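The residues making up each chain are set out below.
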Amino acid sequence: MPKSARIEETGVDYGVPRRGIRVPWTGLSLLGPALVAGVAYLDPGNVASNMTAGARYGYLLVWVVLAGNVMAWLIQYLSAKLGVVTGRSLPEVLGARISNPWARRAYWLQAELVAMATDIAEVLGGAVALNLLFGIPLLLGGVITGTVSIVLLAVHSRRGARHFEFVIIGLMALIVVGFVAGLVVAPPDPAGVVGGMLPRFADSGSVLLAASILGATIMPHAIYAHSALARDRFPATVSRSHSIRTLLTATRWDVTIAMLIAGSVNLAILLVAAANLAGVEGTDSLEGAHAAITANLGPLIGTLFAVGLLASGLASTSVGAYAGAEIMHGLLTVRIPLLARRLVTLIPALVILGVGFDPTLALVLSQVVLSFGIPFALIPLVALTAQRRTLGEHANRRLTTLLGILFSVLIITLNAVLLSLVATG
């Protein structure tokens, strides 16, 4: 089809024709990409941040979890919308737009470092969980976590996006059970929860944890991944604009369900800690949190927590590796064998485990690296989805763009605060 005819048909000029298939509309069949991307909001970094916040400050930072979830909803929807309308991921669009090869490589380098930092946190989380559950040495646990992630990625490569979604959603169910079980045994104080919805801080430590919660929640790789997941699920030329609107409506429901689940679990982690671990020493590490939960809520809840942590590490490292592969392909138009890429990105985490570096400290430092990458993903996302040149009639409304700018400024500012506080001790 000539380019001019394609633009007239879809209202979008993105430079490369999309593959044509028939778009299904059977309600639930359109859900799934956001649930997979939502796993990034339930990774070990989130567990550590929310657990520490609840144990140190009780219900004080409930409002941060809620606000972060609202901002995450808009950001993930914009990412998915880009993939649905253009049929291309954010890295692919940027790879086509950044004409200078050195600028494109520089952008790829920072995005690649972000993906590797994400992988470190998630492999470490899986290794710690295997150690808690089975006493497996951390280095071997890291190898096992990486191996399982390769298997999960092979499911995506060989069986398609839908089968990959089913596996990740199954792991998400384990995450929900593992982290929410504590609320059933020891529910929080309703008055404390309501009081925690009032935005405020207690000291610089609470500001640091608030920034850490947001930094662990809204991560660059989730933005890159979601646009690609939506593209993979709907790799079609949608010939009529109302069909695109149908997909966008389904996407809004998909993102809403995913963010409700992720937000509820993150809130549950904080509330369990606030209700049962306030003032308990050692809860700023995953091992310490597990020990405190076991001592205060019983071995069953402690085991479920470790199972949830393991599922979190396995699922999130698979999504993180998927994002890394998409970043390389989109920006450099290079694909390398999945096994080779996975082994390369697994090496830093295994080195950290092998030399005996504190896993929790490494996890915290990885969140600092992620903070550097947030502006490079957020700003282009909001700018591209606001352009009619990119999304045609589906470009953001003015209010959506303003909210995107506001949320981006808030997130970038808080992450700058996080970097400053970490740098000054």
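Starting from 1, residues in each chain are numbered consecutively following that chain's sequence as written. Note on the predicted model: pLDDT of at least 70 is required for a residue's local features to be given, and 80 or more for side-chain atom pairs to be given and counted; whole-chain, interface and lining totals, by contrast, use all residues. Heavy atoms throughout the structure, all of them, feed into the side-chain values; hydrogens and water do not.

1. Concerning unusual backbone geometry
Right, on to step 1. The backbone phi angle of Thr-333 is positive, close to 50°, even though this residue is not glycine.
Right, on to step 2. Segments assigned H or I by DSSP are reported as helices when at least four residues long, segments assigned E as strands when at least two residues long, and all are numbered from the N terminus. Residue position: Thr-333 is located in the loop between α14 (299-332) and α15 (338-354).

2. Topic: the packing of helix α4 (residues 62-86) against helix α10 (residues 204-217)
Right, on to step 1. With their axes 10 Å apart at the nearest point, α4 and α10 run at an angle of 30° to one another. One element, α4, and the other, α10, form an angle in the roughly parallel class. In the crossing of α4 with α10, the sense of the turn from one axis to the other is right-handed. Between α4 and α10, the contacting residues are Val-64, Val-65, Gly-68 and Met-71 on the first element and Ala-210, Ile-213, Leu-214 and Thr-217 on the second. Lines fitted to C-alpha atoms define the axes, with helix axes restricted to the stretch in contact, and inter-axis angles between N-to-C directions lie between 0 and 180 degrees. Roughly parallel covers angles under 35 degrees, roughly antiparallel covers those over 145, roughly perpendicular covers 65 to 115, and oblique covers all other angles. The handedness criterion is simple: a crossing whose near helix is rotated anticlockwise from the far helix by less than a right angle is left-handed, and one whose near helix is rotated clockwise is right-handed. Should any heavy atoms of two residues lie within 4.5 Å, those residues are considered in contact.

3. As for a nonpolar patch on the surface
Right, on to step 1. The patches reported here contain residues having more than 30% relative accessible area and no salt bridge. Joining distances are 9 Å for like charges and 5 Å for nonpolar side chains (Val, Leu, Ile, Met, Phe, Trp, Tyr). Method for areas: the Shrake-Rupley scheme with a 1.4 Å probe, in which residue coverage is limited to the protein chains shown. Here, a salt bridge means any Lys or Arg side-chain nitrogen found within 4 Å of an Asp or Glu carboxyl oxygen. Together, Ile-347, Val-351, Val-355, Phe-357, Leu-361 and Leu-365 make up an exposed nonpolar region whose accessible area comes to about 520 Å².
Right, on to step 2. Listed by contribution, the elements that provide at least two residues to the nonpolar patch are α15 and α16 (359-385).
Right, on to step 3. Following the sequence through the fold, Phe-357 ends up in the loop between α15 and α16.

4. Digging into the packing of aromatic side chains
Right, on to step 1. Two rings from Phe, Tyr or Trp (for Trp, the six-membered ring) form a pair when their centres are within 6.5 Å of each other. A pair whose planes differ by under 30 degrees is stacked, one over 60 is edge-to-face, and the rest are tilted. Summed over all chains, the structure comprises five aromatic pairs.
Right, on to step 2. With 5.4 Å between their ring centres and 70° between their planes, Trp-63 and Phe-201 make a pair best called edge-to-face. Of this pair, Trp-63 sits in helix α4 while Phe-201 sits in the loop between α9 (190-195) and α10, placing them 138 residues apart in sequence.
Right, on to step 3. Classification of residues uses two cut-offs on accessible area relative to the type maximum, computed with a 1.4 Å probe and protein chains only: under 20% is buried, over 50% is exposed, and between them is partly exposed. Taking relative accessible area as the criterion, Trp-63 reaches 19% and is therefore assigned buried.
Right, on to step 4. Under the relative-accessibility criterion, Phe-201 is labelled partly exposed at 40%.
Right, on to step 5. In this arrangement the basic side chain of Arg-105 is found over the ring face of Trp-102, its NZ or CZ atom lying 4.7 Å from the centre. The rule is short: NZ of Lys or CZ of Arg within 6 Å of the ring centre and within 35 degrees of the ring normal puts a charge over the ring.

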